[in-house]
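Fold and contact review
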Amino acid sequence: MKSIINSLITALAMYSGIPVPQVERNQTNTKYTLCFVPIIGLATGALLCGWSRVCAVYGFGQVCFALVGTVISVIVTGGVHLRGLLYTADAIHSHKIKEKRRQRPCESGAGVSAVTAGLCFFMLYGAGLTLIWKKSQLLLLVLSYIISRTLSGMSIAWFPESEEEGTADNLFLAADRRTVRVVLVTLLVLAMISAVIIHPVIGALMALAAMWVWTYYYYMTKKRFGGISEDTAGYFICLCELSSVLVIGMLGRVM
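Residues numbered from 1 in each chain as written. Predicted model: local features only at pLDDT ≥ 70, side-chain atom pairs only at ≥ 80, totals over all residues. Heavy atoms only, no water.

The subject of this paragraph is the packing of helix α8 (residues 135-158) against helix α12 (residues 230-254). Here α8 crosses α12 at 155 degrees, and the two axes come no closer than 9 Å. By the angle class used here, α8 and α12 are roughly antiparallel. Relative to α12, α8 is oriented so that their crossing is right-handed. Between α8, through Gln 137, Leu 140, Leu 141, Ser 144, Tyr 145, Ser 148, Arg 149, Leu 151 and Ser 152, and α12, the contact on the second element is made entirely by Ala 233, Phe 236, Ile 237, Cys 240, Glu 241, Ser 244, Val 245, Ile 248, Gly 249, Gly 252 and Arg 253. (Axes fitted to C-alpha atoms, helices over the stretch in contact; angles between N-to-C directions. Helix = DSSP H or I, 4+ residues; strand = E, 2+ residues; numbered from the N terminus. Parallel < 35°, antiparallel > 145°, perpendicular 65-115°, else oblique. Left-handed = near helix turned anticlockwise from the far one by under 90°. Contact = heavy atoms within 4.5 Å.)

This is the structure we're talking about:
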């Protein structure tokens, strides 16, 4: 039981800005960390639902909901995934050999592509949130955050690593591999089934979009970086959540 609790605390400490007690990151305390990563998505979705309710009660409007909601998602994660988006986008668009692409902008002196990617992400994400106001849309949004983080954990469990040592690699080496894989696959199936039950068409398309991004993520990282890393994991989560927000928002307005 202690290792499970410590794994939860480690997951929150590593992948969110939620204040938690400090625990030593050893093999015992990170054994089930990947199983708890989707909880961060649940927390993000719950806060956005609460903020949507506040906006509805006090008449703040959709634009206020969207702009503040975009910031809420960054605050909950502590910006760790956004950092991965910026670093990876800069590496992808830089004309360098594979080994050099692994360098972060602060190391390589680049960063224009990172800034452009960040601006485009926030504009598209905010635009998608302006279209989300129905209860069914909000429930799908919560599930999308769970799905994105579940797929991220599954990528660590199955995808090749770009480096011999790293955060993702160390986590899985310490993990109970069978348990992690079973838990993540079960969570993914339950989340996708729930999405289809809430809205058959939008839920199915949201799930398909997430799986398409996951597939793209696998081939892109394997080709350009030799495998996944901590930064590319953040890149994937941002793209996956962006695809879900746009699908839920746009289709929710016409259906």
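Next comes the rest of the write-up.
This part covers the layout of surface pockets. Considering only enclosed or pocket space, the second largest pocket measures out at about 190 Å³ in volume. Contributing to the lining of the second largest pocket are Leu 85, Ala 89, Ile 92, His 93, Thr 116, Ala 117, Cys 120, Phe 121, Leu 124, Tyr 235, Leu 239 and Leu 242. Every element with two or more residues in the lining of the second largest pocket is listed here: α4 (80-92), α7 (112-130) and α12. Broken down by element, the residue count for the lining of the second largest pocket peaks at five residues, all from α7. (1 Å grid on protein atoms, 1.4 Å probe; cavity = no way out; pocket = protein on both sides within 12 Å on 5 of 7 lines; lining within 4 Å. Points joined across faces, edges and corners; volume = space filled by probe spheres on them.)

Here the focus is the confidence of the model for the protein. It should be kept in mind that the predicted coordinates are not to be read in detail where pLDDT is low. Confidence along the protein averages 86 in pLDDT terms, with 88% of residues attaining 70 or more. For residues 104-110, every residue scores under 50 in pLDDT, and the model assigns this stretch 11 contacts once sequence neighbours within four places are set aside. (pLDDT = per-residue confidence, 0-100.)

All right, on to empty space enclosed by the protein then. With a probe scaled to a water molecule rolled over the atoms, the places where space remains empty come into view. Enumeration according to the criterion identifies three cavities of 30 Å³ or more in this entry. In this structure, the second largest cavity spans a volume of roughly 130 Å³. Contributing to the lining of the second largest cavity are 15 residues, with Ser 73, Thr 77, Phe 121, Cys 238 and Glu 241 lying nearest its centre. Counting residues per element, the lining of the second largest cavity draws most heavily on helix α3 (residues 62-77), at four residues. Split into classes, the residues belonging to the lining of the second largest cavity amount to seven nonpolar, six polar and two charged. (Nonpolar A, V, L, I, M, F, W, Y, C, P; charged D, E, K, R; others polar.)

Counting residues in hydrophobic clusters, the biggest one holds 64 residues, and the most contacted among them are Leu 129, Leu 141, Ile 147, Leu 151 and Phe 236. Ranked by residue count, the leading element in this core is α8, at 11 residues. (Core = buried A, V, L, I, M, F, W, Y, C linked by side-chain atoms within 4.5 Å. Buried < 20%, exposed > 50% of the residue type's maximum accessible area, 1.4 Å probe, protein only.)

So, on to the side chain of Ser 144. By the secondary structure assignment, Ser 144 is in helix α8. By relative accessible area, which is 1% here, Ser 144 ends up buried. Aside from chain neighbours lying at most four places away, what touches Ser 144 is Met 206, Ser 244 and Ile 248.

This brings us to α8. Here α8 is 24 residues long and its end C-alpha atoms lie 35 Å apart, about the 34 Å a rise of 1.5 Å per residue gives. Here α8 lies mainly inside the structure; 20 of its 24 residues are buried. (Expected span 1.5 Å × (residues − 1).)

Our focus in this paragraph is the pattern of salt bridges. As enumerated under the stated definition, the model contains two salt bridges in all. Ionic pairing is found between Arg 83 and Glu 230, a salt bridge with its closest N-O pair at 3.7 Å. Note that Arg 83 is positioned in helix α4 and Glu 230 in helix α12, a separation of 147 residues in sequence. By relative accessible area, Glu 230 is classed as partly exposed at 32%. With a closest N to O distance of 2.1 Å, Arg 149 and Glu 241 form a salt bridge. Pair noted here: Arg 149 is in helix α8 and Glu 241 is in helix α12, with a separation of 92 residues, a long-range link. (Salt bridge = Lys/Arg side-chain N within 4 Å of Asp/Glu carboxyl O.)

Before going further, it helps to examine the environment of Trp 133. One can find Trp 133 in the loop between α7 and α8. With residues up to four places along the chain from it excluded, the contact list for Trp 133 reads Gln 62, Leu 138 and Arg 253.

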